[in-house]
Amino acid sequence: MAAGDRTRLQDPATGLVMSALAVDRGVVTHFVNWPEVDREFEQRIEAELGEVVHLKDAVEIISAAVASSAIPGIFQPERVGGRDFVDAGGFSNQPLHVAIARGVDAVLVVLLSPSTPPDTATPTDVVSLGGRLLELANWRDLQTELRHLPPGWSRDGGPASATGAPARVCVVEPAKPLPAAALQFDPERAGELIALGERDAWAALARAGWLEPGGA
């Protein structure tokens, strides 16, 4: 942050939400960067066994980002506001309902694995099993979110796309598992993965009807 403007993290023009699991209460905590209390929004979150925590400054925002990435068993919990939090990926990895509750017009979801049912091959070791369980949790979470979209919402390629209207949920996903694995950070793979992501993003935007005629 030394070379940047930390106040941009609290820009009221951009609503930032980051999710983590509260170790003390067992609820999914949604950290937000806006100061005002939106009671209707918070009541909808509470109905889903969640809570909303307003971050006071850039330091807390960075801590919340760390907490949302603190995978249990690999990284230690991160303290935010005197409480411990860990990554909520196994409980809420694609919280579409949170964005919708805030009143967004559309949602763009980016996945690192296909949203089709995961491969049935049996993992051969404990590390592979852990990766598979996380993959299954993420897959089930997304399917639950997509099956509980409110009236008027549709995913790209879904039944509502037959009307020709743009979808309100666009899911960017690879056609097959990426040539990488969780917790592998190989710089030589970066360019390949970026190129694959760009290809999949253009395809998803086209399916959702989000591109202008004659666009890419």
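First, a word on scope: everything that follows refers to the structure included in this document.

Basis of the calculations
Residues numbered from 1 in each chain as written. Predicted model: local features only at pLDDT ≥ 70, side-chain atom pairs only at ≥ 80, totals over all residues. Heavy atoms only, no water. Helix = DSSP H or I, 4+ residues; strand = E, 2+ residues; numbered from the N terminus. Buried < 20%, exposed > 50% of the residue type's maximum accessible area, 1.4 Å probe, protein only. Phe/Tyr/Trp six-rings, centres within 6.5 Å; stacked < 30°, edge-to-face > 60°. Expected span 1.5 Å × (residues − 1). Contact = heavy atoms within 4.5 Å. Pairing = 2+ DSSP bridges. Axes fitted to C-alpha atoms, helices over the stretch in contact; angles between N-to-C directions.

1. Remarks on the environment of V59
So, step 1. Tracing the sequence through the fold places V59 in helix α2 (residues 58–67).
So, step 2. Using a relative accessible area of 51% as the deciding quantity, one classes V59 as exposed.

2. Notes on the packing of aromatic side chains
So, step 1. Tallying each qualifying case throughout the model produces 2 aromatic pairs.
So, step 2. Measuring from ring centre to ring centre gives 5.0 Å for F31 and F85, while their planes differ by 75°; the resulting arrangement is edge-to-face. Separated by 54 residues along the polypeptide, F31 in strand β2 (residues 28–32) and F85 in strand β5 (residues 83–87) bring together distant segments of the chain.
So, step 3. What makes F31 buried here is its relative accessible area of 0%.
So, step 4. Arranged with centres 5.8 Å apart and planes meeting at 65°, the rings of W34 and F41 form a pair that is edge-to-face.

3. Some thoughts on unusual backbone geometry
So, step 1. Unlike most non-glycine residues, L49 shows phi in positive territory, near 60°.
So, step 2. Mapped onto the secondary structure, L49 falls in the loop between α1 (39–46) and β3 (50–54).

4. Describing helix α5 (residues 187–208)
So, step 1. Taking 1.5 Å per residue as the helical rise, α5 with its 22 residues ought to reach 32 Å, and the 32 Å between its terminal C-alpha atoms agrees with that figure.
So, step 2. On its buried side, α5 packs onto β7 (169–172).

5. Observations concerning the sheet that holds β3
Within a sheet, neighbouring strands are paired by backbone hydrogen bonds and run either parallel or antiparallel to one another.
So, step 1. The 5 strands lie next to each other as β3-β2-β1-β5-β4, forming an open sheet whose pairing is mixed. Lying at the two open borders of the sheet, with one neighbouring strand each, are β3 and β4 (78–80). The mean inter-strand angle of the sheet, taken between neighbouring strand axes irrespective of direction, is 45°.
So, step 2. Alignment of strand β1 (residues 17–22) against β5, held across 3 bridges, turns out to be antiparallel. Counted as the bridge partner of A20 is D87 from β5.

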